[in-house]
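What the coordinates show
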Amino acid sequence: APVIDLTGITKTYGIGTPVETEVLHGIDLRLAEGEFAALIGPSGSGKSTLLNLIGLLERPTSGRLSIGGRDTATLNEAEITQLRGRSIGFVFQFHHLLPAFSAMENVMMPTIIARGAADDEVEATALQLLDAVGLKAHAHKKPGELSGGQQQRVAIARALALKPRLILADEPTGNLDTHTADDIFALLREFNRQTNCACLIVTHDPRLAARCDRIVRLVDGQIADDLPTA
Ligand code: ADP
Ligand code: ADP
């Protein structure tokens, strides 16, 4: 089964209020294991809304949404939370690291939340992940002691901690200079190739979109085109 399988997805905000608005109008989208797709489109076209639905942070108004082969309509809130935690790694522009905790502790956090405790193995895995993103020597620094690019690398290590089958990234390179953005993108690409996870990346950068396998373009809440890159 595809990792992402959407059929006829709509999303309406403000139902029952005077400002009721449908912002997604019947989205059909499939993403297979190992696929690395860019999601592009003008501001306000519905990219974040779509990412939030796929990330199980919000529910669609209508349509069918399956993630990792599970039809989410049949799942209750606890099951949705579990599916989200087990299958999806999130990387955001403003990485939401916990400022009071070290890079290492931030990377361990999803595992601690999922399992209720950390052991030597969780620590070893976190250190391996920080090593993979080139930050082993900075494992004990707090986010405030790291550069923007380094913080985003910690966020990527954290997103990978539970070996997600799907990575969702909302402008992960948005606030970074070109060189650092390229590094962050390359890192995501490398993990995609190593683990065969599916990746959907919102980006405004046409250079980075061109380096994905596929470009899905949203316009006014509809998929305007969905094309493989050359
Ligand atoms: P993009 O990420 O492409 O900029 P968004 O998904 O953020 O687009 O927004 C799509 C449309 O939905 C916009 O018109 C936006 O104003 C509207 N919208 C987004 N979130 C909400 C919300 N929580 N309530 C009402 N309208 C929203
Ligand atoms: P990157 O290319 O990963 O963004 P930089 O070359 O900008 O990293 O940063 C190099 C070093 O400077 C890092 O080891 C980091 O600890 C330090 N540094 C950079 N920016 C900041 C910052 N805003 N606050 C504290 N330390 C920083």
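- Going by what an unreviewed UniProt entry lists, the protein is known as ABC transporter ATP-binding protein and is assigned to Zoogloea oleivorans.
- UniProt, in the comment section headed Sequence similarities (unreviewed entry), describes the protein in these words: "Belongs to the ABC transporter superfamily. Macrolide exporter (TC 3.A.1.122) family."

**Here's the deal with the sheet that holds strand β6 (residues 88-92)**
- Strands sit in the order β6-β7-β8-β3-β9-β10 across an open sheet of six strands; the sheet is mixed. Every other strand in the sheet has two partners, leaving β6 and β10 (222-228) as the edge strands with one partner each. Taken over all neighbouring pairs, the strand axes of this sheet differ in orientation by 15° on average, direction set aside.
- By the bridge criterion, five bridges tie strand β7 (residues 166-170) to strand β8 (residues 198-202) in an arrangement that is parallel. Among the inter-strand pairings, Asp 170 is bridged to a residue of β8, identified as Val 202.
- Strands β6 and β7 of the sheet are contacted by helix α2 (residues 77-87), whose axis makes an angle of about 75° with β6.
- Relative to strand β3 (residues 36-40), helix α6 (residues 178-195) is tilted by about 140°, and along the sheet it contacts β3, β7 and β8.

**Focus on the site of ligand 2**
- Residues in close proximity to ligand 2 include His 138, Lys 141, Gly 144, Glu 145, Leu 146, Ser 147, Gly 149, Gln 150 and Arg 153, which together make up its full environment.
- Residue Glu 145 places a main-chain N or O atom 3.3 Å away from an oxygen atom belonging to ligand 2.
- Here an oxygen atom of ligand 2 sits 2.7 Å away from a polar atom, N or O, in the side chain of Arg 153.
- Contact with the protein chains hides 45% of the accessible area of ligand 2, taken as 550 Å² for the molecule alone.
- Its residues assigned to classes, the shell around ligand 2 comprises one nonpolar, five polar and three charged.

**Concerning the packing of aromatic side chains**
- Across all of its chains, the model carries two aromatic pairs by this definition.
- Plain terms: the ring middles of Phe 36 and Phe 185 are 5.5 Å apart, the flat faces sit at 80° to each other, and that makes the pair edge-to-face. Here the residue Phe 36 occupies a position in strand β3, and Phe 185 occupies one in helix α6, the gap between them amounting to 149 residues. Each member of the pair, Phe 36 together with Phe 185, is buried.
- Ring geometry for Phe 90 against Phe 92: centres 5.7 Å apart, planes inclined by 5°, an arrangement best described as stacked.
- Residue classification places Phe 90 among the buried positions, given a relative accessible area of 19%.
- Given a relative accessible area of 25%, Phe 92 falls into the partly exposed group.
- The ring centre of Phe 36 lies 4.3 Å from the NZ or CZ of Arg 189, which sits over that ring.

**Some thoughts on the site of ligand 1**
- Looking at ligand 1, the residues that line it are Tyr 13, Val 23, Pro 42, Ser 43, Gly 44, Ser 45, Gly 46, Lys 47, Ser 48 and Thr 49.
- Ser 45 has a polar backbone atom sitting 3.2 Å from an oxygen atom of ligand 1.
- Here an oxygen atom of ligand 1 sits 2.8 Å away from a polar atom, N or O, in the side chain of Lys 47.
- Considered on its own, ligand 1 offers 560 Å² of accessible surface; in the complex 54% of this is hidden by protein.

**Here we look at a negative patch on the surface**
- A contiguous patch of negative charge on the surface is contributed by Asp 119, Asp 120, Glu 121 and Glu 123.
- Looking at where Asp 120 falls in the secondary structure, it is placed in helix α4 (residues 120-132).
- Assessed through its relative accessible area of 66%, Asp 120 is described here as exposed.

**What to know about the pairing of β3**
- Of all five residues making up β3, four are buried, and the element is well covered by its neighbours.
- In this structure, β3 lies alongside β8, joined through four bridges in parallel fashion. Bridge assignment links Ala 37 to a residue of β8, and that residue is Leu 200.
- Pairing between β3 and strand β9 (residues 214-219): four bridges, direction parallel. Looking across to β9, one finds that Ala 37 is bridged to Arg 214.

Definitions and cut-offs
- Numbering of residues starts from 1 in every chain and runs along the sequence as written.
- Here every chain gets a letter starting at A, and every ligand a number starting at 1, in the order they are written.
- This being a predicted model, a pLDDT of at least 70 is required before a residue's local features are given, and a value of 80 or more before pairs of side-chain atoms are given or counted; all residues contribute to the totals for chains, interfaces and linings.
- Processing note: side-chain calculations cover all non-hydrogen atoms of the structure and skip hydrogens and water entirely.
- UniProt positions are given in the numbering used here, feature names are shortened, and annotations may be inferred rather than shown by experiment.
- At least two bridges found by DSSP between two strands are what make those strands a pair.
- Helix numbers and strand numbers start at the N terminus; a helix is a DSSP run of H or I with at least 4 residues, a strand a run of E with at least 2.
- Only the contacting stretch of a helix is used when fitting its axis, a line to C-alpha atoms as for every element, and angles between N-to-C directions run 0 to 180 degrees.
- We call two residues contacting when some pair of their heavy atoms lies within 4.5 Å.
- In these notes, residues near a molecule or strand are those with any non-hydrogen atom within 4 Å of it.
- Two N or O atoms form a polar contact when they lie within 3.5 Å of each other; inside protein one atom must be a possible hydrogen donor and the other a possible acceptor, and for residues adjacent in sequence the pair counts only when both atoms belong to side chains.
- Computed with the Shrake-Rupley method and a 1.4 Å probe, the accessible areas treat only the protein chains shown as cover for residues.
- Here the term charged refers only to Asp, Glu, Lys and Arg, the term nonpolar to Ala, Val, Leu, Ile, Met, Phe, Trp, Tyr, Cys and Pro, and the term polar to all other amino acids, Gly among them.
- Pairing of aromatic rings covers Phe, Tyr and Trp, the last counted by its six-membered ring, and requires centre-to-centre distances within 6.5 Å; plane angles under 30 degrees mean stacked, over 60 mean edge-to-face, and any other angle means tilted.
- Exposure is judged per residue with a 1.4 Å probe applied to protein chains only, and the accessible area is read against the type maximum: over 50% gives exposed, under 20% gives buried, and values in between give partly exposed.
- The criterion for a charge sitting over a ring is simple: Lys NZ or Arg CZ within 6 Å of the ring centre, and within 35 degrees of the ring normal.
- Grouping into patches uses exposed residues only, defined as over 30% relative accessible area, and leaves out salt-bridged ones; the cut-off is 9 Å for like charges and 5 Å for nonpolar side chains (Val, Leu, Ile, Met, Phe, Trp, Tyr).
- Any carboxyl oxygen of Asp or Glu that lies within 4 Å of a side-chain nitrogen of Lys or Arg is treated as forming a salt bridge with it.
- A residue counts as positive if it is Lys or Arg and as negative if it is Asp or Glu; His and the chain ends are not included.
- In this description, the location of a charge corresponds to atom NZ of lysine, CZ of arginine, CG of aspartate or CD of glutamate.

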